[in-house]
Amino acid sequence: MKEKLLKFTPKYYELSGSLNRATYLGLNISDICNYNCLKCCQEAPKGLENRLSTERGTELSIDEFIDIISTAQDELGIQALFIAGRGETLLPGKGKSEQDFLENYKKLVNFAHKKGIHIIQFTNGYYLTKEMVDFLANKDVSLVMSIDSLDEKDYLYLCGSSDDSFQRVMDNLQYARQKFQVEEEDNKKIYRLAINMAVSHPNFEEVEKLKDFCGEDIMFICNYPIIKGDFEKNMEEMHGSENNYESFKKKVFDTSDNKGFSGTRSDGKCGYIFNGLSIDTNGNVLLCPYDISTGKLFGNVKDYNNLEEALNNVKEAMDKHNKKYSGCEMCFLRDKDYGNFPNAVH
């Protein structure tokens, strides 16, 4: 059976030997979300209320994000943007309406594409209209859609989303799977469309069903939860019992087409962290886009002379932590010793 690879993930760059010290720029580009997921590990602002009357969104404008991307390419030689983490990622920057945010997003994608920078884009899929899918297909973006259930009732429960969202997302997915065709390269199957499932107690029995749904034209990736943010607040219903967490982990490694998370390298380490630099919606330097609290440890991009200096600061803290606490390389945030990470910075 041919190995499956999601385009622009670490294993994809390993194939050509081009995965380097700073392949990725991980960006949190949105502070708002139209969902309220029980699994969310962030403490990010929720909701789109009053968006038509008051400008909302990130502290940085879309032009400032673009400046950071340009600087990261010039100073670090980044090859790809890893856009995940905080908020719904297709609603970046500042704006007064959904359309403002969506236009911001297109502006960012257009800039990256012109600069030859790849994008691996995580999204809940709600805004992947036919027009948006066509746009992203033409810009060579890899799409990862978050879908935690194929049952409408369970989907709405887990995502805390509006009544029309399930059918809308499924329609969007159906169109995307027609537009994002699987390619073959060096006897491997290369995908640009994936489903990412967060395994929890309510959907544990549905993992194989969702994988079967993906078939051979969508890559299936699943993960076990990061116990932070809303997930931690909803621990009882999402976790079930403490023993279930080990079952979640086993299920992920048994079923995920990537043999782990989307960012897992061949050696089991997280390529998004070990081979990149992450920046938050306000310009704070992060260990990982999924933990904005690390911005308090590393400061803001404006505090550094250049991004190489910021990258070195994060790498030094990672090295110090790894020497004392082994076993966190696949995902720092999911490791039992992650609470000790702040000590590594000082």
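Quick notes on the rules
Residues numbered from 1 in each chain as written. Predicted model: local features only at pLDDT ≥ 70, side-chain atom pairs only at ≥ 80, totals over all residues. Heavy atoms only, no water. Helix = DSSP H or I, 4+ residues; strand = E, 2+ residues; numbered from the N terminus. Rg over C-alpha atoms; globule rule 2.2 N^0.38 Å. Buried < 20%, exposed > 50% of the residue type's maximum accessible area, 1.4 Å probe, protein only. Contact = heavy atoms within 4.5 Å. Areas by Shrake-Rupley, 256 points an atom, 1.4 Å probe, with all protein chains shown as cover. Lys, Arg positive; Asp, Glu negative; His and termini not counted. Charge placed at Lys NZ, Arg CZ, Asp CG, Glu CD. Pairing = 2+ DSSP bridges. Axes fitted to C-alpha atoms, helices over the stretch in contact; angles between N-to-C directions. Disulfide = S-S within 2.5 Å. Arc of directions from axis to C-beta. Core = buried A, V, L, I, M, F, W, Y, C linked by side-chain atoms within 4.5 Å. Phe/Tyr/Trp six-rings, centres within 6.5 Å; stacked < 30°, edge-to-face > 60°.

Draft legend 1. Representation of the overall build of the protein chain within the structure. Across its full length, the protein chain carries 14 helices and 13 strands. A compact globule built from 346 residues should have a C-alpha radius of gyration of about 20 Å, and the protein chain, at 19 Å, falls within 12% of that. Taken along the three principal axes of its C-alpha coordinates, the protein chain extends 50 × 45 × 45 Å. Among the 346 residues that make up the protein chain, the fraction classed as buried is 60%. The long-range share in the protein chain, meaning contacts at least 24 apart out of those at least 6 apart in sequence, stands at 73%. Taken as a whole, the protein chain presents about 14300 Å² of accessible surface, with 45% of it coming from carbon and sulfur. Looking at charge distribution, the protein chain has the averaged site of its 43 positive side-chain charges lying 2 Å from that of its 55 negative ones.

Draft legend 2. Here's a closer look at the sheet that holds strand 1 (residues 3-6). Pairing in this open sheet of 3 strands is mixed, and the strands run 1-9-8 from one edge to the other. Only two strands of the sheet have a single partner each, and these edge strands are strand 1 and strand 8 (183-185). Pairs of neighbouring strands in the sheet enclose a mean axial angle of 35°, with direction left out of account. Examined bridge by bridge, strand 8 and strand 9 (residues 188-191) share 3 bridges and lie antiparallel to one another. Following the sheet pairing, E183 is matched in strand 9 by I190.

Draft legend 3. Spatial organisation of the state of the cysteines. All chains considered together, the criterion is met by 0 disulfides. In this structure C222 is not part of a disulfide, and its nearest cysteine sulfur, from C214, lies 9.9 Å away. Free cysteine: C288, not disulfide-bonded; nearest cysteine sulfur from C331 at 6.4 Å. Overall, the relative accessible area of 8% leaves C288 in the buried class.

Draft legend 4. Expanded view of the sheet that holds strand 2 (residues 24-27). Within the open sheet, the 8 strands sit side by side as 11-10-7-6-4-2-12-13. Their pairing is mixed. Both outer strands of the open sheet, strand 11 (219-223) and strand 13 (285-286), are each paired with one neighbouring strand and no more. Both strand 2 and strand 4 (residues 80-83) contribute to a ladder of 4 bridges, which runs parallel. What sits directly across from Y24, in strand 4, is A80.

Draft legend 5. How the structure looks around helix 7 (residues 207-214). Among the residues making up helix 7, those that are buried are V207, L210 and C214. Burial along helix 7 is one-sided: seen end-on, the buried residues are contained in an arc of 70°. Exposed residues on helix 7 whose side chains face more than 90 degrees from its buried face are K209 and D212. Contacts made by the buried residues of helix 7 are with helix 6 (165-179), strand 10 (193-198), strand 11 and helix 10 (244-255). Phi turns positive, to about 60°, at G215, one or two residues after helix 7.

Draft legend 6. Main features of the nonpolar core. Core analysis: the biggest nonpolar cluster contains 112 residues, and L25, L81, L136, L277, L287, F298 and F332 have the highest contact counts within it. Not counting residues up to four positions away in its chain, the partners in contact with F332 are I273, F274, L287, M318, H321, N322, Y338 and F341.

Draft legend 7. A look at the packing of aromatic side chains. Inspection of every chain in the model, using the stated rule, returns 18 aromatic pairs. Ring centres 6.5 Å apart and planes at 70° place the aromatic pair Y35 and Y126 in the edge-to-face group. Here Y126 lies in the loop between strand 6 (118-123) and helix 4 (130-138) and Y35 lies in the loop between strand 2 and strand 3 (56-57), a separation of 91 residues in the sequence. The buried category is assigned to Y35, whose relative accessible area is 4%.

Draft legend 8. View of unusual backbone geometry. Positive phi values are uncommon outside glycine, yet D140 reaches one of about 60°. Note that D140 resides in the loop between helix 4 and strand 7 (142-146). The class of D140 is partly exposed, set by a relative accessible area of 24%. Residue D186 is not a glycine yet carries a positive backbone phi of 50°. Counting through the fold element by element, D186 comes out in the loop between strand 8 and strand 9.

Draft legend 9. Inspection of the pairing of strand 2 at higher detail. Because side chains alternate across strand 2, one face comprises the buried residues Y24 and G26, and the other comprises L25 and L27, equally buried. Pairing geometry for strand 2 and strand 12 (residues 276-279), over 4 bridges, is parallel. Residue pairing across strands places L27 opposite I279, the latter belonging to strand 12.

That is the geometry; function is a separate question.
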